[in-house]
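Listed below, chain by chain, are the residues.
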Amino acid sequence: MSVLKTAFRFIRFDKAKSIGVTVGIIISTFLIGQQLGILNFLTGLMVTTANNSDAQVWVVDDKSKDLNQLGRLDIRKVNEVLSIPGVSEAYPLVLAGGSATYQNGATASLLLIGSKGPIFPAGPKPANINDGNVLALQNDMAISSDVFDTETLGGTTDPGTTLEINGKRAMITVQTKGVRGFGAPIAYTTIERARYYGNIPSTQINAVLVNCDSGTSVAQVVQNINGTLSGVRAWPSQELKDSTINAVLASSGIAVSTGSLIIFALISGFFIIGLTLYSSALDRLRDYGTLKAIGASNGYIRKLILAQAFLFALVGFALAYILLELFRNGVASTGLVFELSPAVLAVMFGVIVLISTGSSAFALKRIKNVEPASVFR
């Protein structure tokens with residue numbers, strides 16, 4: 001009889017303990033997945049500005065390491081960047097803070113992202129537009145707004161909605177979906193209008209968005225810019241996003257709170273599963289003793305316990321994954337959108353298998369000392 005078949009019979013025989021172990025695995029897996037998903041969502045908000053742009057290189061001031069805290073540059077830097085070998089396109093970007101007042105009297109802060117129309121290299125991307133057309137941002141007073149910011153922004157973000165930004169009239173002409181900022185809601189517009197609403201001089205920008213010539217590597221263009229221009233620093237888009245996430249996590253309690261909850265889920269799962277397996281082993285001492293009496297070695301018993309632990313991990317993880325998908329789809333309607341990649345899920349499953357098999361050490365230690373003769377007492 002195979003070890004897995006025997007392990008399944010042991011699991012099926014003691015249903016109460018089996019349910020206890022499975023529930024412990026489900027709770028641990030769900031908590032770990034939930035926290036990783038929320039962390040994924042929050043880190044995405046931190047770099048929304050870059051995620052919605054196709055720029056390969058960002059040129060910012062030489063002190064900035066965080067997309068959410070970009071300093072000012074002289075507009076002439078755009079032409080200087082364009083003169084660098086390997087640069088095919090360079091567009092100015094303006095970020096401006098504003099206070100929005102809606103028709104019902106509600107107020108909210110906004111982050112205005114302005115770039116050159118009709119290209120709009122800073123976004124929004126067509127795939128993220130829920131209602132309207134990106135070209136409508138060229139209309140007089142036009143800005144975008146996100147459907148998930150409806151409650152924050154006066155109860156409506158539909159195209160045609162009018163409001164005031166810093167006391168100046170504006171109108172929503174494009175509604176995005178899932179384009180949300182880390183803190184203030186995001187509104188896209190033209191670079192001229194971002195300056196107008198944010199009271200930013202026409203000589204100042206916050207970044208230069210760069211695309212490279214075909215056949216020229218991003219690394220080479222970054223090296224050319226950093227080796228030629230002073231007062232600025234060129235970043236590959238992904239590196240700037242990574243730097244932003246690291247900076248925000250280091251300066252906030254997000255990493256600590258998320259990490260502590262994940263550690264708590266790991267520890268609680270380890271002891272819940274371990275003690276339940278130990279209790280089950282105590283109840284089945286005579287059965288394990290019988291196996292030894294008919295010739296089963298300690299190695300076979302060890303494999304039997306580990307096989308049970310693996311089956312528990314497999315079933316528990318599968319059920320927890322279903323619950324995670326239900327949770328993910330449920331919160332997506334509120335704007336909390338996240339994905340758990342296959343690599344993350346594989347790591348999670350590996351951790352759960354380690355917890356389950358590691359917890360079986362409680363039972364293994366007790367069963368190892370069982371004497372075959374104990375079944376006759």
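Residues numbered from 1 in each chain as written. Predicted model: local features only at pLDDT ≥ 70, side-chain atom pairs only at ≥ 80, totals over all residues. Heavy atoms only, no water.

**Considerations on the overall build of the chain**
- Across its full length, the chain holds 12 helices and 12 strands.
- Viewed in the frame of its principal axes, the chain has a C-alpha envelope of about 95 × 50 × 30 Å.
- Within the chain, residue pairs in contact and separated by at least 24 positions form 79% of the contacts whose partners lie at least 6 positions apart.
- In the structure as shown, the chain presents an accessible area of about 17600 Å², 59% of it carried by carbon and sulfur atoms.
- Separation of charge centres in the chain, based on 30 positive and 24 negative side chains, amounts to 16 Å. (Helix = DSSP H or I, 4+ residues; strand = E, 2+ residues; numbered from the N terminus. Contact = heavy atoms within 4.5 Å. Areas by Shrake-Rupley, 256 points an atom, 1.4 Å probe, with all protein chains shown as cover. Lys, Arg positive; Asp, Glu negative; His and termini not counted. Charge placed at Lys NZ, Arg CZ, Asp CG, Glu CD.)

**A short note on the pairing of strand S6 (residues 142-146)**
- In terms of residue burial, S6 counts as a mostly covered element, since five of its five residues are buried.
- Residues Ala142, Ser144 and Asp146 of S6 are buried on one face, and the alternating residues Ile143 and Ser145, pointing to the opposite face, are buried as well.
- By the bridge criterion, five bridges tie S6 to strand S8 (residues 168-176) in an arrangement that is parallel. Across the sheet, the residue bridging to Asp146 is Thr176, located in S8. (Buried < 20%, exposed > 50% of the residue type's maximum accessible area, 1.4 Å probe, protein only. Pairing = 2+ DSSP bridges.)

**Thoughts on a nonpolar patch on the surface**
- Where nonpolar side chains cluster on the molecular surface, the patch consists of Phe310, Leu314, Val315, Leu319, Tyr321, Ile322, Leu323 and Leu326 and spans about 690 Å² of accessible area.
- Inspection of the secondary structure puts Leu319 in helix H10 (residues 298-332).
- The partly exposed category is assigned to Leu319, whose relative accessible area is 39%. (Patch = residues over 30% accessible without salt bridge, like charges linked within 9 Å, V, L, I, M, F, W, Y side chains within 5 Å. Salt bridge = Lys/Arg side-chain N within 4 Å of Asp/Glu carboxyl O.)

**Description of the pairing of strand S11 (residues 207-212)**
- Judged by how many residues are buried, S11 sits mostly within the fold: six of six residues are covered.
- Neither face of S11 is left uncovered, since the one carrying Ala207, Leu209 and Asn211 and the one carrying Val208, Val210 and Cys212 both have all their residues buried.
- Across three bridges, the pairing between strand S1 (residues 57-61) and S11 is antiparallel. Within S11, the position partnered with Val57 by the bridge is Val210.

**Notes on unusual backbone geometry**
- Geometrically, the link from Gly117 to Pro118 is a cis peptide bond, its omega value of 0° lying close to zero.
- Mapped onto the elements, Pro118 comes out in the loop between strand S4 (107-115) and strand S5 (129-131).
- Here Gly123 and Pro124 are connected by a cis peptide whose omega angle stands at 10°.
- You can see Pro124 is positioned in the loop between S4 and S5.
- Even without a glycine there, the phi angle at Phe120 is positive, about 50°.

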